[in-house]
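Listed below, chain by chain, are the residues.
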Amino acid sequence: MPRYRPHVAARPSWRCRVCGAAWPCSPARLSLLGEYREDRIGLLVYLAALLDEAAGDLPGQVLLTERFLTWARAR
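Residues numbered from 1 in each chain as written. Predicted model: local features only at pLDDT ≥ 70, side-chain atom pairs only at ≥ 80, totals over all residues. Heavy atoms only, no water.

Peer 1: Report on the pattern of salt bridges, specifying residues and quantitative values.
Peer 2: According to the stated counting rule, one finds two salt bridges in the structure shown. The partner of R11 in a salt bridge is E53, with the nearest N and O atoms 2.6 Å apart. With R11 in the loop between β1 (9-10) and β2 (15-16) and E53 in helix α2 (residues 40-57), this residue pair connects regions lying 42 residues apart in the sequence. For R11, a relative accessible area of 44% puts it in the partly exposed group. Between D57 and R11 there is a salt bridge, with the nearest N and O atoms lying 2.8 Å from each other. Of the two residues, D57 sits in helix α2 while R11 sits in the loop between β1 and β2, which places them 46 residues apart along the sequence. Salt bridges sharing partners connect three or more residues here, namely R11, E53 and D57. (Salt bridge = Lys/Arg side-chain N within 4 Å of Asp/Glu carboxyl O. Helix = DSSP H or I, 4+ residues; strand = E, 2+ residues; numbered from the N terminus. Buried < 20%, exposed > 50% of the residue type's maximum accessible area, 1.4 Å probe, protein only.)

Here it is in structure tokens:
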């Protein structure tokens with residue numbers, strides 16, 4: 001039986017350790033939405049903290065806000 005491996009970021013590249021996509025990848029987003037199902041503000045605070053760390057690791061990158069936060073706001 002295959003074992004689930006969480007889609008987490010590899011630093012300092014901020015690429016997914018499992019699938020190699022820019023983190024948060026689609027599986028990571030789904031997992032985070034499930035984990036923070038009842039606390040969207042908490043999710044946004046958590047992602048904002050990670051965005052701050054990523055900005056330090058990826059100087060000059062544009063669209064980090066969209067990559068880390070925009071997808072998670074309430075619809």
